[in-house]
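Chain by chain, the residues:
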There are 2 protein chains.
Amino acid sequence: MNRFWHETISELTPYTPGEQPINRPQLKLNTNENPFGPSPKVIDAIKENINAELRLYPDPESEDLKKTLAQYYHLSKQSVFVGNGSDEVLAFIFQAFFQGKKLLFPDITYSFYPVYCKLFSIDYKLIPLEENFEINLEKYNLEHGGVIFPNPNAPTGIPMNLNCISDFLHKNQNTIVVVDEAYVDFGTDSALCLIEEFDNLIVTQSFSKSRSLAGLRVGCAFAQPELIEAISRVKNSFNSYPLDRLAQAAAIAAIQDENYFKKTTKKIIDARSFLEQELRNMNFNVLPSGANFVFTCHATWHAKHIFEQLRSHGILVRYFIKSNRIENFIRITIGTKIQMQTLAKVLKQII
Amino acid sequence: MNRFWHETISELTPYTPGEQPINRPQLKLNTNENPFGPSPKVIDAIKENINAELRLYPDPESEDLKKTLAQYYHLSKQSVFVGNGSDEVLAFIFQAFFQGKKLLFPDITYSFYPVYCKLFSIDYKLIPLEENFEINLEKYNLEHGGVIFPNPNAPTGIPMNLNCISDFLHKNQNTIVVVDEAYVDFGTDSALCLIEEFDNLIVTQSFSKSRSLAGLRVGCAFAQPELIEAISRVKNSFNSYPLDRLAQAAAIAAIQDENYFKKTTKKIIDARSFLEQELRNMNFNVLPSGANFVFTCHATWHAKHIFEQLRSHGILVRYFIKSNRIENFIRITIGTKIQMQTLAKVLKQII
């Protein structure tokens, strides 16, 4: 270890994002990006803002974007926080609420959570998923300082019933509960409707998936104003302007084009149904998905083999080796129906 | 305090950036933005990237931007780090190197430093500037765990001779020294040439001032590879993709258009000389500036009066009340020569 490194630095095991290949594969289905570009109105909004004053700092509070989100979700502006992707938003939340506490989250989930814990020296306990890979919140009724889970969960894609979340919040009112809804718009029920009732609930969302803006880095959090105030204090003690002028303008336009959003998410959900059926016909076990991806394993062929074979055919999917329980699964991002047809055809050749 | 806040949250006193007025003033000279827009080649680069794949994540490592900066400054790519504005870059540096240590910095300097210290629970000691507002590095030869100062200093604008920095580094080889060069391109000598010699030196720079990209949020750090590795580990444990696709493309184009950079920085330096002379003719004391702003006080009129009078004339400058020693100073961002003529004319009316 370099003599200048803080002791925690050598212990950090940074998050590894899915590969962004330099030579574009035929089909990139590994990082849950949207197969459709952002709304044409988003492109127009960016163009309108290019010549307008990139020399000037952006609005540090992103007031217009917060207003837009508040109106869209029928919340107060004080209940909205925005940041540089939901990863930054989650980092601020971990720092604001969980330092010195014991956090609970599923053993199989978004692998950035333990990374934040290392960075901010937060203790955590992994709660095993059920045999069928569902999150069982009854297992979280033990001494803890906070709970976080994605809904739908990643990489399983399994959505949780809103009643389960509501029941858990009724029993657990003394610690922060974060519901990470990065993939919620693909058929999972949002917990946003519970924010007014529970002062310990934080919901995070992302513009990278359903809004097709992974390239521009926008994420958000919703909670009662006192929790948002805490997240804002961390943000304003870290970086006054995490959201640039073009990202703010693009995100506003993305929220405003509801038709485009509905049309494209529906197409993705339809393509998912198509792929699920195809996979089942080929003897794949497909976990139920409320996300823009499916998590699947084959009755005979090992996931690693399928991953490598797909790769050799120019199709990139995600394969996680990290846990025995999921080492035989691959995660496939849902693309267009035509892309899913191509994938199904190649899979039929492989197996 | 809300029952869910971590104890440090209530103690945070976030940084207050200069006002971004909603109704545009006649002249905005309060946040050191560049009066010239970014290079036309930057605008072209953004346009070329709008339709290209905003749906896809950006390169998490910003490899092309790092390569461009490495070539430009004749450093290895492993000596370059980039982030979401130099504020984020500085935050990562504080977290990577200064936690649990005692940091030294000037009593009058960039007011974000003590904010980072609160956020990351870093102890610090303020070292008073000399009577003439210069930083005297000989005063920093005491027990410490790190040193940071801007060159030129802010808000004074006073540049430090590179020999002073080199001498200090020779005497101080066992703690990290950060030279924050946000304003270096306006006539101050950069410490980049010392990086090869000193394995404890970090230099940070910004695209917000001389590159005219405040609206797009790009900053960078330079140091020997092991220090860059530590900063990268923190970044990759916090947010994989802080720089979006358009910001990366714009920053590359900004570095590549050397002619535009030279032409616009020269115009700003010339306008600064013009304003300095005008101010001195009006009985202002003007501190020597190596930045795109001047720090000045008047022989008779109080800074607060001048600040308010300018404001009523539609001219916004920055006034800091935080310290007795500078409460009679205003900081004026350098604009175009025509803007400086307008300012001088109004000042003549006021005093």
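Residues numbered from 1 in each chain as written. Chains lettered and ligands numbered in written order. Predicted model: local features only at pLDDT ≥ 70, side-chain atom pairs only at ≥ 80, totals over all residues. Heavy atoms only, no water.

A.B. asks: I tried to follow the sheet that holds strand E9 (residues 284–286) of chain A on my own but got confused; where do I start?
C.D. replies: Neighbouring strands of a sheet are bound in pairs by backbone hydrogen bonds; such pairs are parallel or else antiparallel. Residues and elements named next belong to chain A. Strand order across the open sheet formed by four strands is E9-E10-E13-E12, with antiparallel pairing between neighbours. With partners counted over all chains shown, the strands left at the sheet margins are E9 and strand E12 (318–319), one partner each. As judged from the two bridges shared by E12 and strand E13 (residues 330–333), these two strands associate in the antiparallel manner. Among the inter-strand pairings, arginine 318 is bridged to a residue of E13, identified as arginine 331. (Pairing = 2+ DSSP bridges. Helix = DSSP H or I, 4+ residues; strand = E, 2+ residues; numbered from the N terminus.)

A.B. asks: I keep staring at helix H4 (residues 85–97) of chain B and nothing clicks. Help me out?
C.D. replies: Given 3.6 residues per turn, any residue in an α-helix points the same way as the ones three and four places further on. Across its 13 residues, H4 of chain B extends 19 Å between first and last C-alpha, which sits within 8% of the 18 Å expected from 1.5 Å per residue. Within H4 of chain B, 13 of the 13 residues are buried, which leaves it mostly tucked inside the rest of the structure. (Expected span 1.5 Å × (residues − 1). Buried < 20%, exposed > 50% of the residue type's maximum accessible area, 1.4 Å probe, protein only.)

A.B. asks: Before we go on, may I ask you to explain the interface of chain B and chain A in this structure?
C.D. replies: Many structure descriptions define interface size as the accessible area lost when the parts assemble. On the chain A side, the residues contacting the 81 residues of chain B number 80 residues. Taken over both partners, the interface formed by chain B and chain A buries close to 6900 Å², and the fraction arising from carbon and sulfur atoms is 57%. At the junction of chain B and chain A, the tally comes to two salt bridges. With a closest N to O distance of 3.1 Å, aspartate 199 of chain B and arginine 3 of chain A form a salt bridge. Where chain B meets chain A, there are 42 residue pairs in polar contact (both at pLDDT 80 or more). (Contact = heavy atoms within 4.5 Å. Buried area = accessible area lost by both parts, 1.4 Å probe. Salt bridge = Lys/Arg side-chain N within 4 Å of Asp/Glu carboxyl O. Polar contact = N/O pair within 3.5 Å; in protein donor to acceptor, adjacent residues only side chain to side chain.)

A.B. asks: Quick question: what am I supposed to make of the packing of helix H9 (residues 258–281) of chain A against helix H11 (residues 337–350) of chain A here?
C.D. replies: Working note: a packed helix pair is described by the angle between its axes plus the distance between those axes. Residues and elements named next belong to chain A. Following both chains from N to C, one finds H9 and H11 inclined at 10°, their axes separated by 9 Å at the closest point. Relative to H11, the element H9 is oriented roughly parallel. Contacts from Ala271, Phe274, Leu275, Glu278 and Leu279 of H9 reach H11 at Lys337, Met340, Gln341, Leu343, Ala344, Leu347 and Lys348. Considering only residue class, the contact of H9 with H11 consists of eight nonpolar, one polar and three charged. (Axes fitted to C-alpha atoms, helices over the stretch in contact; angles between N-to-C directions. Parallel < 35°, antiparallel > 145°, perpendicular 65-115°, else oblique. Nonpolar A, V, L, I, M, F, W, Y, C, P; charged D, E, K, R; others polar.)

A.B. asks: For this particular structure, what's the right way to read the side chain of asparagine 32 of chain B?
C.D. replies: Residue and element names in this part refer to chain B. Looking at the secondary structure, you find asparagine 32 in the loop between strand E1 (27–28) and helix H2 (40–50). Asparagine 32 sits in the buried class, given a relative accessible area of 0%. Within polar-contact distance, the side chain of asparagine 32 engages the side chain of threonine 333 at 2.8 Å. Beyond its immediate stretch of four places on either side in the chain, asparagine 32 contacts Tyr183, Lys209, Asn292, Phe293, Arg331 and Thr333.

A.B. asks: Explanation requested: the domain arrangement of chain A in the structure shown.
C.D. replies: Residue and element names in this part refer to chain A. By domain assignment, chain A separates into domain 1 (7–37 + 259–350) and domain 2 (53–257). Spacing between the C-alpha centres of domain 1 and domain 2 amounts to 24 Å. Each side of the interface is counted separately: domain 1 has 34 residues, and domain 2 has 35 residues. Area buried by domain 1 at its contact with domain 2 is led by Tyr15, Phe261 and Arg325, which between them contribute 27% of it. Linking domain 1 with domain 2 are one salt bridge. In this structure, the salt-bridge partner of arginine 325 is aspartate 107, at a minimum N-O distance of 3.6 Å. Joining domain 1 to domain 2, the criterion identifies 11 residue pairs in polar contact (both at pLDDT 80 or more). Every element with two or more residues in the side of domain 1 that touches domain 2 is listed here: helix H1 (7–11), H9 and strand E10 (293–298). (Domains from an automatic or database assignment.)

A.B. asks: Explain the environment of proline 106 of chain A to me, please; I cannot follow it from the model alone.
C.D. replies: Residues and elements named next belong to chain A. Its location among the elements puts proline 106 in strand E3 (residues 102–106). Sequence-wise, proline 106 and glycine 145 are 39 residues apart; in three dimensions their C-alpha atoms are separated by 15 Å. Residues contacting proline 106, with those up to four places away along its chain left out, are Leu126, Ile127, Leu129, Ile135, Tyr140, Ile148 and Phe149.

A.B. asks: I keep staring at helix H7 (residues 225–236) of chain B and nothing clicks. Help me out?
C.D. replies: Between its terminal C-alpha atoms H7 of chain B stretches 16 Å, which fits the 16 Å expected from 12 residues at 1.5 Å a residue. Within H7 of chain B, nine of the 12 residues are buried, which leaves the element mostly enclosed by the surrounding structure. Of all the residues in H7 of chain B, the buried ones are Leu227, Ile228, Ala230, Ile231, Ser232, Arg233, Val234, Lys235 and Asn236 of chain B. Residues of H7 of chain B that are buried make contact with H1 and helix H5 (113–119) of chain A together with strand E2 (80–83), H4, strand E7 (201–206) and strand E8 (219–222) of chain B.

A.B. asks: Is there a simple way to explain the pattern of salt bridges in this structure?
C.D. replies: Oppositely charged side chains can form a pair if their charged atoms are brought close together. Under the defined criterion, the tally for this structure stands at 28 salt bridges over all chains. Between lysine 66 of chain B and glutamate 61 of chain B there is a salt bridge, with the nearest N and O atoms lying 3.2 Å from each other. On the basis of relative accessibility, which here comes to 25%, the residue glutamate 61 of chain B falls in the partly exposed class. When salt bridges with common partners are traced through the structure, they connect Glu61, Lys66 and Lys235 of chain A into a single cluster.

A.B. asks: Just checking my understanding: could you explain unusual backbone geometry for this structure?
C.D. replies: The phi torsion of most residues other than glycine is negative, and most of the peptide bonds are trans. Following asparagine 151 of chain A, the chain continues into proline 152 of chain A via a peptide bond in cis, with omega recorded as 0°. Mapping proline 152 of chain A onto the fold places it in the loop between strand E5 (146–150) and helix H6 (162–171). With an omega of 0°, the peptide bond running from alanine 154 of chain B to proline 155 of chain B counts as cis. Mapped onto the secondary structure, proline 155 of chain B falls in the loop between strand E5 (146–150) and helix H6 (162–171). For serine 121 of chain B, which is not glycine, the phi dihedral falls at a positive 50°. As for its position among the elements, serine 121 of chain B is in the loop between helix H5 (113–119) and strand E4 (123–127). Taking relative accessible area as the criterion, serine 121 of chain B reaches 52% and is therefore assigned exposed. Even without being glycine, asparagine 283 of chain B reaches a positive phi, approximately 75°. Its place among the elements puts asparagine 283 of chain B in the loop between helix H9 (258–281) and strand E9 (284–286).

A.B. asks: How should the sheet that holds strand E6 (residues 177–180) of chain A be read in this particular structure?
C.D. replies: All names here are of chain A. Overall, mixed pairing links the seven strands, which are arranged E2-E8-E7-E6-E5-E3-E4 in an open sheet. Each edge of the sheet is formed by a strand with only one pairing partner; in this case those strands are strand E2 (80–83) and strand E4 (123–127). Each neighbouring strand pair of the sheet contributes to a mean axis angle of 20°, computed without reference to strand direction. Both E3 and E5 contribute to a ladder of two bridges, which runs parallel. Of the residues in E5, the one forming a bridge with leucine 104 is valine 147. This element, H6, spans E5, E6 and strand E7 (201–206) of the sheet and lies at about 165° to E6. Against the sheet, helix H7 (residues 225–236) engages E2, E7 and strand E8 (219–222), with an angle of about 25° to E2.

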